[in-house]
Amino acid sequence: MIQLHNNHYQIGGIDIDTLCKTYDTPIYVYDTAIIKRQYETLTKAFASCNTRIKFACKALNNINILRYFKQLGAGLDTVSIQEVWVGLKAGFEPHEIIYTPNCVSMEEIELAVQAGVQINIDNLSVLEQFGTKYGSTIPVCIRINPHVMAGGNINISTGHIDSKFGISIYQMRHAERIVNSLKMHVNGLHMHTGSDIVDVDIFLRAADILFEQTQYFKDLEFIDFGSGFKVPYKPDDYYTDMQELGEKLSKRFLEFCKEYGRDLQLSFEPGKFLVSQCGTFLVKVNVLKQTTAAMFVGVDSGLNHLIRPMFYNAYHHITNVSNPGGKERIYTVVGYICETDTFGWDRKLSEVHEGDILAFSNAGAYGNTMASNYNSRFRPAEVMVHEGKHYLIRKRENIDDLLRNQVELEEFK
Ligand SMILES: *Cc1c(COP(=O)(O)O)cnc(C)c1O
């Protein structure tokens, strides 16, 4: 998140100029104060319940960020065995990690069992294989699909009828049969209906559907509502009202615990809500290019570094941090990748000159974790701003990184 201070843009009290001079561009910069603010907003909203926040590390996987979450008291939500391994390396205890894979092999799930993490299963066939192998020895969580259409973009909505995620609520009777026959211990129920849910009532409706499914499972210890919280991307954008959700859902959850006859843990696994706003992506303007149709600003990055605009049609607010208070003009900001690579059409930016630094807001979630080497470009560096100091937390790649896993055949040398 950028702030204007004495006519200089800063991140967490550090001048953006200093960051760009120290680390060059393009860079991802993360401000830990924003992470803390978001984490505390969430924990405060659900303070009346026994609440656990597990950070969805696919959004941002730098080990220092994971350790920062550990310090704040969070757990970890992982979707692959590799994320589990990184989480353990970051210092999380196995029981603090939930593993929610989709369409992975039984071998991968066995590796997660060996790692000792909480397993979350989203397929009846896997549930049956798991129960046959482990019976009651390893507890499992079940991911349901509540068939609630929610979320901003079909690619990030996971609770709808055409989705590959979760076990349908209409199959719960079958799940119960498997669980009882194999004497399995189901310790949690989970749902994750997708990202960008703004309507608190949709969330509550999905929650009620989840509560209904608890009738099939008598030994539950936790309910995991996944995520889907939306943060503002544009000025005046919609976002999830966390206080309202906290009040309504906590009340409903506590009532439910009474009905169920046991105090359960309430958990969430946000990615975007916790880290989207902490991140700023800084790039340099290489060229201005006037065409017959537009004034293009070409920067030293592209969809290889920040794919969300091209992939999800996502809006990232862009600021020309080199010219605070300058006259506003209309630009289309594009990357250097050799295919259509647009960050934003028709943006009002304070007058841009070649060499200026542009800042992309909300770049903390699904920014660097989705970066690639397309066009043989190096992936960017990552910088953390923490308590008034800045630290390099991932080096920019170099030519050796690009070639590291290529096998050079003698025949072609
Ligand atoms: C991606 C994902 C999340 C985080 O979603 P956000 O929209 O970033 O909050 C949580 N849980 C699971 C299982 C996920 O796959």
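For the structure itself, consult the block above.
Procedures and definitions
Residues numbered from 1 in each chain as written. Predicted model: local features only at pLDDT ≥ 70, side-chain atom pairs only at ≥ 80, totals over all residues. Heavy atoms only, no water. Helix = DSSP H or I, 4+ residues; strand = E, 2+ residues; numbered from the N terminus. Rg over C-alpha atoms; globule rule 2.2 N^0.38 Å. Buried < 20%, exposed > 50% of the residue type's maximum accessible area, 1.4 Å probe, protein only. Contact = heavy atoms within 4.5 Å. Areas by Shrake-Rupley, 256 points an atom, 1.4 Å probe, with all protein chains shown as cover. Lys, Arg positive; Asp, Glu negative; His and termini not counted. Charge placed at Lys NZ, Arg CZ, Asp CG, Glu CD. Phe/Tyr/Trp six-rings, centres within 6.5 Å; stacked < 30°, edge-to-face > 60°. Pairing = 2+ DSSP bridges. Core = buried A, V, L, I, M, F, W, Y, C linked by side-chain atoms within 4.5 Å. Domains from an automatic or database assignment. Expected span 1.5 Å × (residues − 1). Arc of directions from axis to C-beta. Polar contact = N/O pair within 3.5 Å; in protein donor to acceptor, adjacent residues only side chain to side chain. Patch = residues over 30% accessible without salt bridge, like charges linked within 9 Å, V, L, I, M, F, W, Y side chains within 5 Å. Salt bridge = Lys/Arg side-chain N within 4 Å of Asp/Glu carboxyl O.

(A) Spotlight on the overall build of the protein. The secondary structure content of the protein amounts to twelve helices and 21 strands. Here the C-alpha radius of gyration of the protein, 23 Å, is about what a compact globule of 413 residues would show, namely 22 Å. The burial tally for the protein puts 55% of its 413 residues in the buried class. Taking contacts inside the protein between residues at least 6 apart in sequence as the whole, the part at least 24 apart equals 68%. In the form shown here, the protein has an accessible surface area of approximately 18,900 Å², with 49% of it arising from carbon and sulfur atoms. In the protein, the 41 positive side-chain charges and the 49 negative ones have mean positions that sit 1 Å from each other.

(B) The arrangement of the packing of aromatic side chains in detail. Scanning all chains against the criterion turns up 20 aromatic pairs. Ring plane angle 25° and centroid distance 5.5 Å describe the contact between Phe-203 and Phe-229, whose orientation is recorded as stacked. Taken together, the residues span a long stretch of sequence, with Phe-203 in helix H8 (residues 200–213) and Phe-229 in the loop between strand E12 (222–224) and helix H9 (242–260) at a distance of 26 residues. Owing to a relative accessible area of 4%, Phe-203 belongs among the buried residues under this scheme. Owing to a relative accessible area of 1%, Phe-229 belongs among the buried residues under this scheme. Ring centres 5.6 Å apart and planes at 55° place the aromatic pair Phe-229 and Phe-268 in the tilted group. One end of the pair, Phe-229, is in the loop between E12 and H9; the other, Phe-268, is in strand E13 (residues 265–268), with 39 residues separating them in the sequence.

(C) Region of interest: the sheet that holds strand E1 (residues 2–5). As summarised here, the arrangement of the three strands in space is E1-E2-E3, forming an open sheet in which the pairing is antiparallel. Two strands in the sheet have a free side with no partner beyond their single neighbour: E1 and strand E3 (14–15). Pairing geometry for E1 and strand E2 (residues 8–11), over four bridges, is antiparallel. Bridged to His-5 within E2 is His-8.

(D) Broad picture of the nonpolar core. Ranked by internal contacts, the top residues of the largest apolar core, which has 103 residues, are Ile-119, Leu-127, Phe-130, Ile-142, Phe-225, Phe-253 and Val-275. In terms of residue count, H8 provides more of this core than any other element does, nine residues in total. For this core, the two domains that each supply at least three residues are domain 1 (2–29 + 278–403) and domain 2 (46–272). In this structure, Val-275 is in contact with Ile-35, Phe-55, Ala-59, Leu-60, Phe-69, Gly-364 and Ala-365, ignoring residues within four places of it in sequence. Grouped together as the second largest cluster of nonpolar side chains are 17 residues, Ile-14, Cys-20, Ile-357 and Val-383 included.

(E) Up close: the pairing of strand E19 (residues 357–360). Residues Ile-357 and Ala-359 of E19 are buried on one face, and the alternating residues Leu-358 and Phe-360, pointing to the opposite face, are buried as well. Of the pairings in the sheet, the one linking strand E14 (residues 279–290) to E19 comprises four bridges and is antiparallel in character. Paired with Phe-281 across the strands is Phe-360, a residue of E19. Taken together, the three bridges between strand E16 (residues 318–320) and E19 define a ladder with antiparallel strand orientation. Note on E19: the bridge partner recorded for Thr-319 is Ala-359.

(F) Looking closely at helix H2 (residues 32–45). Along its 14 residues, H2 runs 20 Å from first to last C-alpha, staying within 8% of the 20 Å computed at 1.5 Å per residue. Among the residues of H2, Thr-32, Ile-34, Ile-35, Gln-38, Tyr-39, Leu-42 and Ala-45 are the ones counted as buried. End-on, the buried residues of H2 take up no more than an arc of 165°, which puts them together on one face. Looking at the buried side of H2, the elements it contacts are strand E4 (27–31), strand E5 (51–56), helix H3 (63–72), H9, helix H10 (272–275) and strand E20 (381–386). N-capping of H2 is provided by Asp-31, with a side-chain oxygen placed 3.0 Å from the backbone N of Ala-33.

(G) Molecular detail of a nonpolar patch on the surface. A cluster of nonpolar residues, Phe-378, Ile-399 and Leu-403, forms a patch on the protein surface that exposes about 270 Å² of accessible area. Secondary-structure assignment places Leu-403 in helix H12 (residues 399–403).

(H) Here's a closer look at the pattern of salt bridges. Scanning the model with the defined rule gives 17 salt bridges in all. With a closest N to O distance of 3.5 Å, Lys-36 and Glu-40 form a salt bridge. With Lys-36 and Glu-40 both in helix H2, this residue pair falls four residues apart, about one helical turn. For Lys-36, a relative accessible area of 36% corresponds to the partly exposed category. Classification of Glu-40 as partly exposed rests on a relative accessible area of 30%. Residue Lys-70 pairs with Glu-96 through a salt bridge whose shortest N-O separation is 3.0 Å. With Lys-70 in helix H3 and Glu-96 in the loop between helix H4 (81–90) and strand E7 (97–99), this residue pair connects regions lying 26 residues apart in the sequence. Judged by its relative accessible area of 30%, Lys-70 falls in the partly exposed class.

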